[in-house]
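Observations on chain architecture
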Amino acid sequence: MSSTISPGRRLGLRLKAGVSTVALVFGATTGATIGVLAAPGPAGAATPTPPAGFSLTWSDEFNGGSGTGMDTSVWKYDTGPGSSFGTGEIETMTNSTANVFHDGAGNLVLRALHSGSDPGSGWTSGRIETQAATFGAPPGGVVMMESRIQQPNVTTSNGAGYWPAFWMLGAPLRTGTPWPTSGEIDILEDINGRSSLFGTLHCGTNPGGPCNESTGIGSGERACAGCQTGFHTYAVQIDRSVSPEQIRWYLDGNNYFTLNATAVPASTWASAVDHPFFIIYDLAMGGGFPAAFGGGPNAATVSGGQMVMDYVAVYNKAPVNQGNNIALGKATTASSTENATFPASNATDGNTATRWSSAFSDPQWLQVDLGQSYNISHVTLNWEAAYASGYQIQTSANGTTWTNIFSTTTGDGGTDDLAVSGTGRYIRVNGTARATPYGYSLWEFSVQGTPGGGSGSLLSQGHTTTASSTENATFPAANATDGSTGTRWSSAFSDPQWVQVDLGATHSISRVVLNWEAAFASAFQIQTSANGTTWTNIYSTTSGTGGVQDLSVSGSGRYVRVNGTARATPYGYSLWEFQVYGT
């Protein structure tokens with residue numbers, strides 16, 4: 001394969017289609033064809049159960065009626081001539097149901113059609129992308145995107161020029177960060193009916209740069225036997241729970257290529273990978289990539305080849321320490337904001353798809369009121385492309401007088417995972433030098449620590465947890481003590497109900513944190529027990545407020561439980577996290 005042609009090249013205006021698509025509508029183009037291919041049989045597979053440790057974030061099983069187009073609240077059509085995408089493609093992408101449609105059997109179909117006698121023109125096809133650009137891994141977490149696909153049922157004899165792709169682009173592309181700096185991950189690409197696939201990361205600058213653009217860094221061609229004639233699963237995982245971070249590519253659950261963050265500079269990786277993405281399917285015809293393997297379409301290329309998708313799913317594995325992020329949801333203010341779209345609170349909402357952005361000047365700060373004094377042990381900054389080259393982490397008892405607990409003049413963006421030591425009710429990032437002409441921008445500002453009053457260590461996480469009931473198998477008791485605010489316990493819809501944790505030994509209990517889902521308790525008790533049978537109240541209320549309740553308590557026991565006696569909603573009791581601290 002040529003070293004100068006990219007497996008998965010998505011350049012120039014092609015990428016700008018992810019920013020604003022060309023508003024064209026085309027009718028069916030089913031004129032003179034070169035032998036329309038028969039549609040494959042139904043896929044018949046539901047979205048799989050999440051892998052161990054993961055939860056389902058989003059999926060589409062493509063259950064639309066036969067011949068219907070896309071739900072445009074979920075998907076957007078990228079329409080217009082392939083020449084505008086900057087990859088040499090020759091098709092015109094349309095929103096016609098001749099090119100993009102549900103087959104009525106649980107599949108989405110992208111179909112390439114030809115009209116006229118010139119194989120080098122007259123092609124139409126389809127390309128769609130998700131409206132959401134929120135699919136990514138938070139610091140310390142993992143995300144997996146997977147789709148079950150049948151590649152176009154063509155061969156090297158009649159498939160020259162076919163270029164099916166399942167891929168994704170970095171969300172910052174939609175807000176002005178250029179390609180390839182904003183990142184592109186190609187999960188599946190094949191060309192010319194070769195029964196193969198390529199997996200690629202595009203990053204850095206173009207041309208050349210640390211990622212060898214426009215080629216990118218990839219797996220090279222890998223065999224994919226039967227991928228033209230049957231369904232196979234194609235997936236990628238972005239793993240930010242390991243050091244160095246990794247991207248892993250999978251075919252039918254088998255990891256065939258792994259790329260470590262150390263392959264490129266840290267700032268290049270962070271700008272391309274450490275943020276959310278949006279997902280794309282397309283069936284291109286012609287272009288630079290097929291040309292590198294013999295070219296096409298040609299006179300033997302058949303019309304009507306179809307890329308068929310059975311489902312697409314996004315799964316997330318939450319960071320182990322996410323439940324101990326003491327800044328999460330706390331009152332957050334800033335010296336300035338770029339505009340109302342980027343408020344300070346975005347940096348502590350637990351969502352890596354939202355961000356704070358400051359005015360375009362120095363200095364600027366972002367601060368969090370933790371509600372009480374804490375001993376601070378760890379700070380994580382997940383920078384957007386507009387990062388600080390010089391900044392301090394500062395703490396304060398009163399929000400007025402500040403003490404530096406970390407300082408740098410050589411910040412490189414990406415994710416700064418900082419071990420620190422300090423005490424305060426308030427904590428802030430104080431930016432003194434911007435690395436770009438823009439402001440300071442943070443996807444997330446996370447803080448770990450323990451109450452400064454000596455409330456001790458987190459005792460409950462990962463310990464055996466049981467409950468009086470569960471709403472269903474999706475919401476087990478163990479979810480309340482797994483350290484993830486992306487999973488929850490939910491009870492039956494009746495009173496009373498309880499959830500309890502076995503700490504494994506008797507402890508002195510000084511603090512309990514309840515992170516309620518919307519279905520919270522208006523009346524409940526915190527109770528301890530030496531044997532799991534006889535219980536003593538160490539806290540009681542009939543005016544529960546929901547949200548995050550951080551309770552100072554005093555008691556001892558091996559078992560601790562929340563005993564709900566009155567629900568605030570018609571639903572059950574539901575906790576994202578139930579944390580017990582003590583010694």
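Residues numbered from 1 in each chain as written. Predicted model: local features only at pLDDT ≥ 70, side-chain atom pairs only at ≥ 80, totals over all residues. Heavy atoms only, no water.

Considerations on the nonpolar core
Ranked by size, the top nonpolar core spans 54 residues in total, and within it Phe 166, Ile 185, Tyr 234 and Tyr 281 carry the most contacts. When residues of this core are assigned to their parent elements, the largest contribution, five residues, is made by strand 19 (residues 277-285). Apart from residues lying up to four places away in sequence, Ile 185 is in contact with Trp 167, Met 168, Thr 200, Leu 201, Val 236, Ile 238, Ile 247, Trp 249 and Phe 277. Ala 327, Leu 370, Ile 376 and Ala 388 belong to the second largest nonpolar core, which has 26 residues in total. (Core = buried A, V, L, I, M, F, W, Y, C linked by side-chain atoms within 4.5 Å. Buried < 20%, exposed > 50% of the residue type's maximum accessible area, 1.4 Å probe, protein only. Helix = DSSP H or I, 4+ residues; strand = E, 2+ residues; numbered from the N terminus. Contact = heavy atoms within 4.5 Å.)

Examining the pairing of strand 23 (residues 364-383)
When a strand is regular, its side chains alternate between the sheet's two faces. Inspection of the sheet shows strand 21 (residues 331-334) paired to strand 23 by four bridges, in the antiparallel sense. Across the sheet, Ala 334 pairs through a bridge with Leu 366, a residue of strand 23. Relative to strand 26 (residues 415-434), strand 23 is paired through 14 bridges, and the arrangement is antiparallel. Paired with Val 379 across the two strands is Leu 418, which belongs to strand 26. (Pairing = 2+ DSSP bridges.)

Some details on the side chain of Asp 502
Following the sequence through the fold, Asp 502 ends up in strand 31 (residues 497-516). With relative accessibility at 17%, the residue Asp 502 sits in the buried group. A polar contact is formed between the side chain of Asp 502 and the backbone nitrogen of Gly 504, at a distance of 2.8 Å. Setting aside chain neighbours within four positions, we find Asp 502 in contact with His 463, Thr 464, Arg 558 and Tyr 559. (Polar contact = N/O pair within 3.5 Å; in protein donor to acceptor, adjacent residues only side chain to side chain.)

Description of the pattern of salt bridges
Two side chains with opposite charge may pair up if their charged atoms get near one another. Counted by the stated rule, this structure contains 15 salt bridges. Asp 310 serves as the salt-bridge partner of Arg 148, at 2.9 Å between the closest nitrogen and oxygen. Pair noted here: Arg 148 is in strand 10 (residues 142-150) and Asp 310 is in strand 20 (residues 306-317), with a separation of 162 residues, a long-range link. For the pair shown, Arg 148 and Asp 310 are each scored as buried. Note that Glu 245 is salt-bridged to Arg 240, the shortest N-O span being 3.2 Å. For Glu 245, a relative accessible area of 14% translates into the label buried. (Salt bridge = Lys/Arg side-chain N within 4 Å of Asp/Glu carboxyl O.)

All quantities given are derived from atomic positions and should not be read as evidence of function.
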